[in-house]
Amino acid sequence: MTTMREALSNVELHSRARTVSIAVTVGKSGLRMTVSDNGQGFPTSGAGRGIARMRAAFAELGGTLSVNSVHGEGTTVTGVVPRRR
């Protein structure tokens, strides 16, 4: 999954995190991918091209991508793709 690779690349290149957590779950509502780190965080208004590419990849599948980042505490990126009926 290229979005997972992009999220992990962002952690490695930008976050200065010591810990990263990855979760991929599939349920009745669909697939959820979450990547969280305990790095430096960043202002989400200044999100770069990597996040834009991840958003586009999830949107192409009918899904969404959210980014929650707190300065000095880390970042969580969550992508959700609904189950096809």
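Residues numbered from 1 in each chain as written. Predicted model: local features only at pLDDT ≥ 70, side-chain atom pairs only at ≥ 80, totals over all residues. Heavy atoms only, no water.

Trainee: Let's hear about the sheet that holds strand S4 (residues 74-82): which residues, and what values?
Mentor: Read from one edge to the other, the open sheet built from 4 strands follows the order S1-S2-S4-S3, with strand pairing classed as antiparallel. Strands with a single pairing partner mark the edges of an open sheet, and in this sheet they are strand S1 (20-27) and strand S3 (64-70). Between one strand axis and the next, the sheet turns through 10° on average, direction left out of account. Two elements, strand S2 (residues 30-37) and S4, share 8 bridges in a ladder whose sense is antiparallel. Pairing of Gly30 across the sheet is with Pro82, part of S4. In the packing of helix H1 (residues 2-15) onto the sheet, the strands contacted are S1 and S2, and the crossing angle to S2 comes to about 10°. Those strands touched by helix H2 (residues 49-60) are S2, S3 and S4, and its axis lies near 150° from that of S3. (Pairing = 2+ DSSP bridges. Helix = DSSP H or I, 4+ residues; strand = E, 2+ residues; numbered from the N terminus. Axes fitted to C-alpha atoms, helices over the stretch in contact; angles between N-to-C directions. Contact = heavy atoms within 4.5 Å.)

Trainee: If you had to explain the pattern of salt bridges to someone new, which residues and values would you point to?
Mentor: All chains considered together, the criterion is met by 1 salt bridge. In this structure, Arg53 and Glu6 form a salt bridge, with 3.3 Å as the shortest nitrogen-oxygen distance. Of this pair, Arg53 sits in helix H2 while Glu6 is found in helix H1, placing the two residues 47 residues apart along the sequence. (Salt bridge = Lys/Arg side-chain N within 4 Å of Asp/Glu carboxyl O.)

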